[in-house]
Structure formats: C-alpha cells, structure tokens
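Summary of structural features
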Amino acid sequence: MDLTITPLMASDIGQVAAIEAMQHHAPWSAASFSDVLRQGWHSGVLKDANHTIQGYYIAMTAGDDEELLTITVHPDAVRQGYGKRLMQDLLGHARQRGAARLFLEVRASNAPAIRLYEQLGFKITGMRKNYYSLPANLQTGTPAGREDALLMCLPLNGEIH
Ligand SMILES: CC(C)(COP(=O)(O)OP(=O)(O)OC[C@H]1O[C@@H](n2cnc3c(N)ncnc32)[C@H](O)[C@@H]1OP(=O)(O)O)[C@@H](O)C(=O)NCCC(=O)NCCS
C-alpha cells in the first residue's frame, strides 16, 4: 500500500486528536497538537493511499538529543508495521540532524510499545516511580492509582535496525 509520512499540518489535527483519544489514558488535546505547530516540534503523520491518517509521532529537540513525546497508531491499524515505520522516520530525522541519542518515556505496563522500542535497539536506562496516573478499571475492579515510567534511550551512532 502507498504510505506517506509527512509533518503534522493544521488540517490533520482533528483526526490526530481523535486517534489520540482512542489510544491513551491521558490524551493530548487538539490544542496540544496546535501547540506542536507553534513550537515547531518535529512530527510525522502516516497516511495511507486514501490519505487517511493511521498514525503519528511528535518529537522535540533537547540539546544534543532528540526526545519522543508521543507515538500512536489507530486502534484498527495496529500490528501492521506502522509503529515501526514511524519510529524509523524519527530515527532518520534524528540522525540527519546529528542528534547523539533518542530518549523516550513509556508506561511500565505498555508491553507492545516496549517491545517495539527494544526491537529498534532501545535500552531501559531508568525508572520514574509512580510517574503516570492510572484510571480505575471498572472491568477488573482495579481502583485508580499511579504507574511507573520507564526511561529508554537509543544511542544514534549505531545501525538502524
Ligand atoms: C505502541 C504502538 C505505537 C505500536 O504500533 P504498531 O503499529 O502496532 O507496531 P508495529 O506493527 O510496527 O510492531 C512493531 C513491533 O512492536 C512490537 N509490538 C507491537 N504491538 C505488539 C503487541 N500487541 N504485543 C507485543 N509486541 C508488539 C513487536 O515487537 C512488533 O514487531 P513484530 O510485529 O515483528 O513482532 C501501538 O500499539 C499504539 O499506538 N499503542 C497505543 C499508544 C501507545 O501506547 N503509544 C506509545 C506511548 S510511549
């Protein structure tokens, strides 16, 4: 299928915010995505042959490093390689601008995302205890609480996997 990855545009924000709301416990708002445009942060929006958005990422420059702020694939489009394509796009951008490392934070329970990052060569370099809020789960009866964040890092002087 014909896929493109292009920077976020104002006209993408409605679809992006809708995907964000479906996939995250504490989703970014449409206003947060508008801020991305104002701040000039780096972004990639993956569209299929019908120009439908299937996923996106937002990243920012942090000195010599690059930091992934969010990456999301539409719930109906997961496990088709889109997350990896988006990460490879970000890695290409970070290497091109000469970034030394790519950092990210991820919920300790987010096994799919952790597997994706590990597949690309990221290593866990730290943990922030009780960093994220966790909503109550009515199905399992688990009350609202907190969840640890794992810090992951990929040095950018190696090979793209
Ligand atoms: C994490 C996320 C972006 C992955 O996107 P995706 O398009 O499904 O990932 P891909 O199809 O590219 O998978 C690449 C690799 O990630 C891992 N992976 C992805 N989904 C997985 C799952 N459900 N279970 C286990 N491993 C998984 C696998 O290693 C996979 O490689 P493989 O298919 O060769 O086994 C997607 O699940 C998502 O949007 N989740 C909700 C939002 C989120 O948690 N974002 C991350 C915030 S830090």
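Going along each chain's sequence as written, the residues are numbered from 1 onward. Local features in this predicted model are restricted to residues whose pLDDT is 70 or higher, and side-chain atom pairs enter the listing and the counts only when it is 80 or higher, whereas totals over whole chains, interfaces and linings include all residues. Note that water and hydrogens are dropped before the side-chain values are worked out from all heavy atoms of the structure.

Only the contacting stretch of a helix is used when fitting its axis, a line to C-alpha atoms as for every element, and angles between N-to-C directions run 0 to 180 degrees. Put simply, DSSP H or I for four residues or longer makes a helix, DSSP E for two residues or longer makes a strand, and each gets a number counted from the N terminus. Here helix α3 (residues 82-96) crosses helix α4 (residues 111-119) at 50 degrees, and the two axes come no closer than 11 Å. As far as their axial angle goes, α4 and α3 are oblique. Crossing handedness for the pair α3 and α4: right-handed. Across from Gly83, Lys84 and Met87 in α3, the residues of α4 making contact are Leu116, Tyr117 and Gln119. Each residue receives one of three labels: charged for Asp, Glu, Lys and Arg, nonpolar for Ala, Val, Leu, Ile, Met, Phe, Trp, Tyr, Cys and Pro, and polar for the others, Gly being one of them. Here the contact of α3 with α4 is composed, by residue class, of 3 nonpolar, 2 polar and 1 charged. Here the angle decides the label: under 35 degrees means roughly parallel, over 145 means roughly antiparallel, 65 to 115 means roughly perpendicular, and every other value means oblique. Crossing handedness follows the turn of the near helix against the far one: under a right angle anticlockwise gives a left-handed crossing, and clockwise gives a right-handed one. Note on definitions: a residue-residue contact is assigned when non-hydrogen atoms from the two residues lie within 4.5 Å.

The subject of this paragraph is the nonpolar core. We call a set of buried Ala, Val, Leu, Ile, Met, Phe, Trp, Tyr and Cys residues a nonpolar core when their side-chain atoms join them within 4.5 Å. Exposure is judged per residue with a 1.4 Å probe applied to protein chains only, and the accessible area is read against the type maximum: over 50% gives exposed, under 20% gives buried, and values in between give partly exposed. Residues Leu68, Met87, Val106, Tyr117 and Phe122 are the most contacted members of the largest nonpolar core, which totals 28 residues. Those elements that place two or more of their residues in this core are β3 (53-62), β4 (65-73), α3, β5 (101-107), α4 and β7 (145-155). Among the elements that take part in this core, α3 stands out by supplying 6 residues, more than any other.

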